[in-house]
Amino acid sequence: MAVRTCVILLALVVVIVPVIGSGLAYERPPARKMYVVPADDNKDPGHPEQVHISLVGADKMRISWLTKDDTPAEVHYGTEKGQLGSSAAGTTRSYKYTIYKSGTIHDVVIGPLTAETVYYYRCGSSGPEFSFKTPPSQFPLRIAVAGDFGQTEWTKSTLEHISESNYDLLLLAGDLSYADLYQPLWDSFGRLVEPLASRRPWMTAIGNHEVEKLVFIHTEGFTSYNSRWHMPFEESGSTSNLYYSFEVAAGVHVVVLGSYTDFGSDSEQYKWLEADLGKVDRKRTPWLLVVLHAPWYNTNTAHRGERESDDMRDSMEELLYKARVDAVFAGHVHAYERFDRIYKGKTDKCGPVYITIGDGGNREGLATEYDEPKPDVSLFREASFGHGQLNVVDGQRMEWTWHRNDDDQSVAADSVTLKTLATEPDCN
């Protein structure tokens, strides 16, 4: 325990990164310290922790959690507190990463569930009772959007703001824990987000910090992510947890792409994306959103010229354009930026709106330098920590707002109302 504590304390010292530069119209906040959530050694080894939920199909929910001991994967649930009359069983697994061995990871799918209903549930045969609310079956739908969380005091502030937003589900555009090979930070991240992720479904994308390959030592990528954050790839016909799609509120189709797996025209991901977009009936599903990590458009000087951005855009942009994708959300760049509707680098009223939201609170600090003068296609940009809120009002209109973390207050700093491309006369 003493050795582990020393390692964590050393990590705290090493990873505090200063923020360089200041804004033209807003004084950007300084970096903050790491926020590590240690294990509670006083709890029973079978006590569930790191509880989080995610959507599975139209009316089911996946419940995931860890225990120190090997315990059965079972969830008891119901619509009244203390009355958990339904139950479901699932699977368990664990993984090794160099000298680290994870706890037992439990994975249970429950349902069918009723839309817009509060369910109470218990992980295992004993332990605390949690609750979650299922998303609505119709509009309006409220989506929280964030990227590059990490584990700092800014992350904690962002999570507090999100928790106050009355959201129905969260989209996370990659770079979750920033464990960067040090596996106990995956456990800390699970504990940090549990108060939110156990109450609303979190749908995640992979980022570069999820890769975690070590030459000759651990050559398989995404071991920790795939073991801990099981997304509904099987239900969407994907063969990989790194890319998938799902529908929510009977009118929003969300595609989550993997920036750090093959994306060329002969790749499995490309073929899957082409088939998935081809199945979307825009008369029944007016909204089409995409989430990925490495942004295809970016006027910040950070992360320029990377193949995961440029080559992936060159490969897949036409597919998104022809499908009339409404908006693309990305992370990676530690700042916020909203573009106009774009195709092939130019304003195009039938192209997606591109939004970079990699400002969740990571330990590396903010990316403060931008191209000057500001290109016309970039409508708003600012290097501040924050998160986004997407209110899908109905089948015609959705409202986007970016909330800046300003001295621990959530401040709406940018907003826009978008109309669906599904019914735009010039685009169909």
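In every chain, residue numbers begin from 1 and rise along the written sequence. Predicted model: local features are reported for residues with pLDDT of at least 70 only, side-chain atom pairs are reported and counted for 80 or more only, and whole-chain, interface and lining totals are derived from all residues. Heavy atoms throughout the structure, all of them, feed into the side-chain values; hydrogens and water do not.

Elements are defined by DSSP. Helices are runs of H or I of four residues or more, strands are runs of E of two residues or more, and each kind is numbered from the N terminus. When helices and strands are counted, the protein chain shows six helices and 24 strands. Here the globule rule is a power law, 2.2 Å times the number of residues to the power 0.38, and the radius of gyration is based on C-alpha atoms. Computed over its C-alpha atoms, the radius of gyration of the protein chain comes to 21 Å, within 12% of the 22 Å expected for a compact globule of 428 residues. Seen along its three principal axes, the alpha-carbon backbone of the protein chain occupies a region of about 60 × 50 × 45 Å. Of all 428 residues assigned to the protein chain, the portion counted as buried reaches 58%. Contacts between residues were defined by any pair of non-hydrogen atoms, one from each residue, lying within 4.5 Å. A sequence separation of at least 24 residues applies to 68% of the contacts in the protein chain between residues at least 6 apart. Surface accessibility of the protein chain: about 17600 Å² in total, with carbon and sulfur atoms responsible for 50%. The positive charge centre, built from 42 side chains, and the negative charge centre, built from 60, are 2 Å apart in the protein chain. Each residue is placed in one exposure class: buried if its accessible area under a 1.4 Å probe, protein chains only, is under 20% of its type's maximum, exposed if it is over 50%, and partly exposed if it falls in between. Values of accessible area rely on a 1.4 Å probe in the Shrake-Rupley scheme; residue burial ignores everything except the protein chains shown. We treat Lys and Arg as the positive residues and Asp and Glu as the negative residues; His and chain ends play no part in the count. Here the site of a charge means atom NZ of a Lys, CZ of an Arg, CG of an Asp or CD of a Glu.

Only a pair of cysteine sulfur atoms within 2.5 Å qualifies as a disulfide here. Per the counting criterion, the structure on display carries one disulfide. Between the sulfur atoms of Cys350 and its disulfide partner Cys427 the distance amounts to 2.1 Å. Here the disulfide of Cys350 and Cys427 is left-handed, its torsion about the S-S bond being about -90°. Of the two residues, Cys350 sits in the loop between strand S19 (346-347) and strand S20 (353-357) while Cys427 sits in the segment after strand S24 (409-419), which places them 77 residues apart along the sequence. We note that Cys350, like Cys427, is buried.

A few words now on helix H6 (residues 307-322). Because each turn of an α-helix spans 3.6 residues, side chains separated by three or four positions in sequence point in the same direction. Each residue after the first adds 1.5 Å to the expected span of a helix. Counted at 1.5 Å a residue, the expected span for H6 with its 16 residues is 22 Å, and the 22 Å between its end C-alpha atoms agrees. Within H6, the axis deviates most sharply at Met316, by approximately 50°. Residues of H6 that are buried include every one of Glu308, Ser309, Met312, Arg313, Ser315, Met316, Glu317, Leu319, Leu320 and Tyr321, and no others. Here the buried face of H6 lies against helix H5 (268-279), strand S16 (287-291), strand S17 (327-330), strand S18 (336-343) and S20. One or two steps after H6, the chain reaches Arg324, where phi turns positive at roughly 60°. Bend, in this description, refers to the angle at a residue between axes fitted to the seven residues ending there and the seven starting there.

What follows is about the confidence of the model for the protein chain. Note on scores: pLDDT gives the predictor's confidence for each residue, bounded by 0 and 100. Predicted confidence across the protein chain gives a mean pLDDT of 92, with 93% of residues reaching 70 or more. Overall, residues 1-26 carries pLDDT values under 50, and its contacts beyond four positions in sequence, including any with other chains, amount to 32 contacts.

Within the secondary structure, Arg282 sits in the loop between H5 and S16. N or O atoms within 3.5 Å of each other form a polar contact, as long as, within protein, one can give a hydrogen and the other can take it, and as long as residues adjacent in sequence are counted only when both atoms are side-chain atoms. In terms of polar contacts, Arg282 uses its side chain to reach the backbone carbonyl oxygen of Ala323, at 2.9 Å. With residues near it in sequence (within four places) discarded, Arg282 still touches Trp287, Leu288, Ala323, Arg324, Val325, Asp326, Thr420, Leu421 and Ala422.

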